[in-house]
Structure formats: C-alpha cells, structure tokens
Amino acid sequence: MTRWLPAVAETSFVRRTALGVAGLAFVGGAVAGPASHAFASPAEHTAPATVAAVSADSKPAMDKLVPHGTQGAQSHISLSKDQLANAKAITDTARKLGMGERGAVIAVATSMQESKLENLGHLGDMNDHDSLGLFQQRPSSGWGSPEQITDPVYASTAFLKGLKQVDGWQDMPLTDAAQKVQVSAFPDAYAQWEDQAAHIVQDVWTK
C-alpha cells in the first residue's frame, strides 16, 4: 500500500473523476486522464544544485504565497539537491503558464504530498498500479507515456493545466484547490505542506 514513508502518518487515497480532471494519486494513481492538452516535453531543463539567497525585493510577498494562512499542523522534510531541482522545475512551469506564485505553491505542496518531490519511477511490487513521477500520474489513464510523466516539466504542466480548469482556484485554501484536482479520500492531507512549499517557492522564484 505504501509507496513512501513520510515523517507524518501514511495515508491512502481513492480516485474519482471531478471537473473533467482526474486526481493524481500518491496511492491510487491518476484514474482518468487529463483534459485534452498537447504537452511538449522540453529537450532539457536544469535547476541549480542549491537554493541561492535572493534579495528581499525580488522575493514574492508571503501574503501572496499563503493568502489564507496555513491550515492545521505543518510538516517539514529535508530536501536533497534533486528534490530542490524538482521544486524549481514546478515553480518555473507555474510562472511560464501564468499561474503565479500561488499556483506554484499549490503545485509544490501537492507534489510534496504525492511523492515528497521525488521523480519516482516504477517501484516494482511497491508500485501503485502504474503511477509515476512527481504527481503520481498514470500512463494508463491518459496522462502521457512513462517517459513524459517522469519529465518534471511535463508532469508539472499536466497538473497545473488541470488546476487551471478549477473555477476560482486562486481564491481557495490550498488543500481545497489541490483536492479539486487530486480528489483524495483525505482532502486535508495537502494542507500540511503549505508553509514549506511557500518558503521553497519564495527562495527559487527568481532563480
């Protein structure tokens, strides 16, 4: 059942279709495919090995990143260079899609819950169906090929375009916005990562 051993209690998820966008699954995978979009995987994408400090003037204001305040107890994990690079890829994609800092925070927090920002390949007997990548999307449900889904920019684009279809996502608490896409049996699970996700986005936004 478990694909990851987080510092917090493990949860499992069930999936159902909502708003024409399938939920991505930490356990359960993305049951239905995304709405019709043509995603082009980039030839390459890079991210810095470490998060460099940026001036206060260039950082997005925290009230834009967490406009509703955090909900519930917050979790925190130490991140490797690869995890930071994946967070950077998600943040860059949100900016390129015009979804701003808030979209980046929602996406980063969602990936933290789904994969702890690890670009997971197939884990054999531990794998949940054919779920892969940062957002645990499923090739069998139309999210793309395994190669596409394990491309951080492609996977981020798929998730963010799904989020963009949610009416009023910009004004929702993070866990509500994520839940509209993920359709989890435990809709509050995403809230625990909002504080760390906001600080990650603040650090990497202009890099």
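For clarity, every value in this text was computed on a predicted model and none was experimentally measured.

A. Summary view of the overall build of the protein chain. Counting its secondary structure elements, the protein chain contains seven helices and zero strands. Helices (α) and strands (β) of the protein chain occur, in sequence order from the N terminus, as α-α-α-α-α-α-α. Within the protein chain, the fraction of its 207 residues that count as buried is 51%. Considering only contacts within the protein chain whose residues lie at least 6 apart along the sequence, 69% involve residues at least 24 apart.

B. Fine view of the nonpolar core. With 35 residues, the main nonpolar core has Val108, Met112, Phe159 and Leu163 as its most contacted residues. Elements supplying a minimum of two residues to this core: helix 2 (81–96), helix 3 (100–115), helix 5 (152–164), helix 6 (174–182) and helix 7 (194–204). Sorting elements by how many residues they give to this core places helix 3 first, with seven residues. Non-local contacts of leucine 163, meaning those with residues more than four positions away in its chain, are made with Met99, Ile106, Trp169, Ala177 and Val181.

C. A look at helix 7. Buried residues dominate helix 7, accounting for eight of its 11 residues. Residues of helix 7 that are buried: Glu194, Gln196, Ala197, Ala198, Ile200, Val201, Gln202 and Val204. Turning to helix 7, the residues buried within the fold contact helix 1 (62–65), helix 2, helix 3 and helix 6.

D. Spatial organisation of the pattern of salt bridges. For the structure on display, the rule yields four salt bridges. The shortest N-O distance in the salt bridge between lysine 64 and glutamate 101 comes to 3.3 Å. Linking lysine 64 in helix 1 with glutamate 101 in helix 3, this pair joins segments that are 37 residues apart in sequence. A salt bridge links glutamate 194 to arginine 102, with the nearest nitrogen and oxygen atoms 2.8 Å apart. Of this pair, glutamate 194 sits in helix 7 while arginine 102 is found in helix 3, placing the two residues 92 residues apart along the sequence.

E. Inspection of the side chain of glutamate 194 at higher detail. Judged by relative accessible area, glutamate 194 falls into the buried class, the value being 1%. There is a polar contact of 2.8 Å between the side chain of glutamate 194 and the side chain of arginine 102. Setting aside residues up to four positions removed in sequence, glutamate 194 forms contacts with Leu65, Val66, Gly69, Thr70, Gln74, Arg102, Val105 and Leu174.

F. Quick look at unusual backbone geometry. Positive phi outside glycine occurs at lysine 116, with the angle close to 55°. Mapped onto the fold, lysine 116 is located in the loop between helix 3 and helix 4 (146–149).

G. Representation of the packing of aromatic side chains within the structure. Applying the stated criterion to the full structure yields one aromatic pair. Stacked on the ring of tryptophan 205, the Lys or Arg arginine 95 has its end atom at 5.0 Å from the ring centre.

H. View of the packing of helix 5 against helix 6. In the contact formed by helix 5 and helix 6, the axes pass within 9 Å of each other and the chain directions differ by 105°. Judged by the inter-axis angle, helix 5 sits roughly perpendicular to helix 6. Residue-level contacts link Phe159, Gly162 and Leu163 of helix 5 to Ala177, Val181 and Gln182 of helix 6. The residue makeup of the contact of helix 5 with helix 6, split by class, is four nonpolar, two polar and no charged.

Scoring rules and cut-offs
- Residues numbered from 1 in each chain as written.
- Predicted model: local features only at pLDDT ≥ 70, side-chain atom pairs only at ≥ 80, totals over all residues.
- Heavy atoms only, no water.
- Helix = DSSP H or I, 4+ residues; strand = E, 2+ residues; numbered from the N terminus.
- Buried < 20%, exposed > 50% of the residue type's maximum accessible area, 1.4 Å probe, protein only.
- Contact = heavy atoms within 4.5 Å.
- Core = buried A, V, L, I, M, F, W, Y, C linked by side-chain atoms within 4.5 Å.
- Salt bridge = Lys/Arg side-chain N within 4 Å of Asp/Glu carboxyl O.
- Polar contact = N/O pair within 3.5 Å; in protein donor to acceptor, adjacent residues only side chain to side chain.
- Phe/Tyr/Trp six-rings, centres within 6.5 Å; stacked < 30°, edge-to-face > 60°.
- Lys NZ or Arg CZ within 6 Å of the ring centre and 35° of its normal.
- Axes fitted to C-alpha atoms, helices over the stretch in contact; angles between N-to-C directions.
- Parallel < 35°, antiparallel > 145°, perpendicular 65-115°, else oblique.
- Nonpolar A, V, L, I, M, F, W, Y, C, P; charged D, E, K, R; others polar.

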